Amino acid sequence: MPPSVPSLSRRVARTLRTSLFAQVLCALVLGIAVGKLWPDTATAFQPLGDGFTRLIKTVISPLVFCVVVVGIAKAGDLKAFGRIGVKALIWFEVASTAALVIGLVAANVVGPGKGMNVDPSSLDAAAVNQTTGGGQLPSTTEFVLNALPESFIGAFAENELLQVLILACLVGAALLHLGHTKVPKILPAIDQAQDVIFTVVGFIMRLAPIAVFGAMAHLVGNYGLGVMKTYAKLIVLCYVAAALFVALLALALRMVTGLSLWKFLRYIREEMLLALGTASTESVMPRVMQKLRRAGARDDAVGLVLPTGYSFNLDGASLYLSIGTLFIAQAVGVDLSLSQQITVVLVLMLTSKGMAGIPGSAFLALSATASSLGAIPAGAVALLLGVDRIMDSMRVVTNLLGNCVAVFAVSRWEGALDIERAKKVLDGETAAEDLEGGDEPVPAVVPAQKTKETVVDAS
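Rules used throughout
- Residues numbered from 1 in each chain as written.
- Predicted model: local features only at pLDDT ≥ 70, side-chain atom pairs only at ≥ 80, totals over all residues.
- Heavy atoms only, no water.
- Salt bridge = Lys/Arg side-chain N within 4 Å of Asp/Glu carboxyl O.
- Helix = DSSP H or I, 4+ residues; strand = E, 2+ residues; numbered from the N terminus.
- Buried < 20%, exposed > 50% of the residue type's maximum accessible area, 1.4 Å probe, protein only.
- Polar contact = N/O pair within 3.5 Å; in protein donor to acceptor, adjacent residues only side chain to side chain.
- Core = buried A, V, L, I, M, F, W, Y, C linked by side-chain atoms within 4.5 Å.
- Contact = heavy atoms within 4.5 Å.
- Phe/Tyr/Trp six-rings, centres within 6.5 Å; stacked < 30°, edge-to-face > 60°.
- Lys NZ or Arg CZ within 6 Å of the ring centre and 35° of its normal.
- Axes fitted to C-alpha atoms, helices over the stretch in contact; angles between N-to-C directions.
- Parallel < 35°, antiparallel > 145°, perpendicular 65-115°, else oblique.
- Left-handed = near helix turned anticlockwise from the far one by under 90°.
- Nonpolar A, V, L, I, M, F, W, Y, C, P; charged D, E, K, R; others polar.
- Patch = residues over 30% accessible without salt bridge, like charges linked within 9 Å, V, L, I, M, F, W, Y side chains within 5 Å.
- Areas by Shrake-Rupley, 256 points an atom, 1.4 Å probe, with all protein chains shown as cover.
- pLDDT = per-residue confidence, 0-100.
- Arc of directions from axis to C-beta.

Overall, the coordinates contain eight salt bridges when judged by the stated rule. A salt bridge links E414 to K87; its shortest N-O distance comes to 2.7 Å. Of this pair, E414 sits in helix 21 (residues 392-414) while K87 sits in helix 5 (residues 78-110); the two residues are 327 residues apart in sequence, bridging distant segments of the chain. Relative accessible area serves as the criterion here: at 16%, K87 is assigned to the buried category. When the shortest N-O distance is used, the salt bridge between R298 and D300 registers 2.9 Å. The network of salt bridges with common partners includes E270, E271, R287 and K291.

Given below as structure tokens:
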């Protein structure tokens, strides 16, 4: 007798039970429906998304610390780690500048704000202050000083990723200097702690569908779908420009590594959908780090490039800020000259680097840009209050893909990427879990007095 084929309902139930992607997708649709049908009630679901994000944030700092320390020890060469950092910063600057230029060109060609003829005096500038909490972006000096930790525990307690990265680099360098004879138990303990944290992340991820439902219900209930009609031209422009930038990322990834961005997107589809639902790339950082390692990127490259990109490589935000600046100028009837638009790029190159983790940072960056030009009323930034939250999906996808491409590109540039392993994982020929199980054990810390050849052999 031929084997019985499960009924459609059973297949659907099994998919919902075993696939995180299916669970998150259903939660996304359900959240939109609840937000549309019961908007007053839907806003009460916001704590579900916020609670999930808080849980994820508790493990990000220790995870980054462990991955970076173990990565430095595996590489066995602190100079190589420094080269990765420099190359990552170069890539970040080129990518974010490209995003800014694409945004300006797109806004000039389409003119999303032309014909609106908005009177700046009719806008509520106080609403911007309410959104930003009266804060301001740090200056370059403040940004550099804030990246330096004041205390070891404080960096972890406040989730300051740049501070945690610096501490991890110092600890990794100290372990290499002391060698395995003086601290034989430290590195294995950190490596085991890393495994524990990844397991905790797995537990938390089971709550992802609930988080997505709560976040989407709150978004639709609070802002509604009507705002999309009012700002349709601006929204479509931002998403089309983002699609163009992602296509350029795909081309760059193919040229540098030979890998397909579309296959990678399929590989991280669960994390991408979760990031879209919660409007946060931080919520998926631990899982994305794990998947990048499984896809052949070396630990030290993943541990340094991806977290640093969260502060220095906000491609989606750069794209939105450049389009938003011209949209505001066009809406209030200000015609920006070429020199003023170049000033926009230069200002946003600086202000976008200090945006991460600051409430209302997009409006702070826009206000700073308007002030530097002197031609756009600061209160005109309030024009984007109604549409800013709708842009989160575009920013999240572009930021996340931009940082992942940076990991692959810098890893390839430094010789820290296993191309064959990456192709197999992205093609689905080898289960990622099997690859993870086949990882070589972390070597003992290399004594400082050994030669360079010994260091290479040990890694």
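We are not done yet, so read on.
Time to look at the side chain of T325. Structurally, the position occupied by T325 is in helix 18 (residues 315-331). Overall, T325 belongs to the buried group, its relative accessible area being 3%. In this structure the side chain of T325 is engaged in a polar contact, spanning 2.8 Å, whose partner is the backbone oxygen of L321.

Before going further, it helps to spend a moment on the nonpolar core. Core analysis: the largest hydrophobic core is formed by 133 residues, its most contacted members being V64, L234, L261, F264 and L292. No other element matches the 14 residues that helix 4 (residues 46-75) contributes to this core. Non-local contacts of L261, meaning those with residues more than four positions away in its chain, are made with V246, L249, A250, L253, L401 and V405.

Below, the discussion takes up helix 16 (residues 285-294). In terms of burial, helix 16 is largely enclosed, as 10 of its 10 residues are buried. Every buried residue belonging to helix 16 is among M285, P286, R287, V288, M289, Q290, K291, L292, R293 and R294, and all of these are buried. With its phi angle positive at about 105 degrees, G296 sits one or two positions after the end of helix 16.

By the definition in use, this model includes six aromatic pairs. Their ring planes at 70 degrees and their centres at 5.5 Å tell us that F65 and F156 sit as a pair that is edge-to-face. A residue pair is termed long-range when its members are at least 10 positions apart, and F65 in helix 4 and F156 in helix 8 (residues 152-157) qualify at 91 residues. Taking the ring centre of Y267 as reference, the NZ or CZ of K291 above it sits at 5.0 Å. The lysine or arginine in question, R395, covers the ring of Y320, its NZ or CZ lying 4.6 Å from the ring centre.

What follows covers the packing of helix 9 (residues 161-178) against helix 17 (residues 299-312). The N-to-C vectors of helix 9 and helix 17 enclose an angle of 150 degrees; their axes lie 9 Å apart at closest approach. In terms of their interaxial angle, helix 9 and helix 17 are classed as roughly antiparallel. For the crossing formed where helix 9 meets helix 17, the hand is left-handed. The segment helix 9 lies against helix 17, with L161, L162 and L165 engaging G303, L304, P307, T308, S311 and F312. Split by residue class, the contact of helix 9 with helix 17 holds six nonpolar, three polar and no charged.

Note that V64 resides in helix 4. Taking relative accessible area as the criterion, V64 reaches 0% and is therefore assigned buried. Note: C-alpha distance between V64 and L161 (97 residues apart in sequence) is 7.9 Å. Setting aside its immediate chain neighbours within four residues, V64 contacts L161, V164, L165, M285, M289, G303 and P307.

With that settled, consider a nonpolar patch on the surface. Judged by side-chain polarity, L244, L248, L251, M255 and V256 come together as a nonpolar surface patch covering roughly 480 Å² of accessible area. Take L251: it is sitting in helix 13 (residues 232-257). In this structure L251 comes out as partly exposed when scored by relative accessible area, which is 47%.

For the rest of this paragraph, the subject is the confidence of the model for the protein chain. Across the protein chain, the average pLDDT comes to 78, with 78% of residues at 70 or higher. Of all secondary-structure elements in the protein chain, the lowest mean pLDDT belongs to helix 24 (residues 452-458), at 34, while helix 14 (residues 261-267) reaches the highest, 93. Low pLDDT (under 50) marks residues 432-459, which in the prediction has 44 contacts with non-local residues, meaning those over four places away or in another chain.

Right, let's talk about helix 22 (residues 419-427) for a bit. Every buried residue of helix 22 is listed here: I419, R421, A422, V425 and L426. For helix 22, the angular spread of the buried residues around the axis is 160 degrees, confining them to a single face. The residue sitting at the N-terminus of helix 22 and contributing the capping side-chain oxygen is D418; that oxygen lies 3.4 Å from the backbone nitrogen of E420. Immediately downstream of helix 22, the backbone of G428 shows phi near 75 degrees, a positive value.

With respect to the helices and strands, P209 occurs in helix 11 (residues 208-223). In this structure the C-alpha to C-alpha distance between P209 and G277, which are 68 residues apart in sequence, comes to 8.8 Å.

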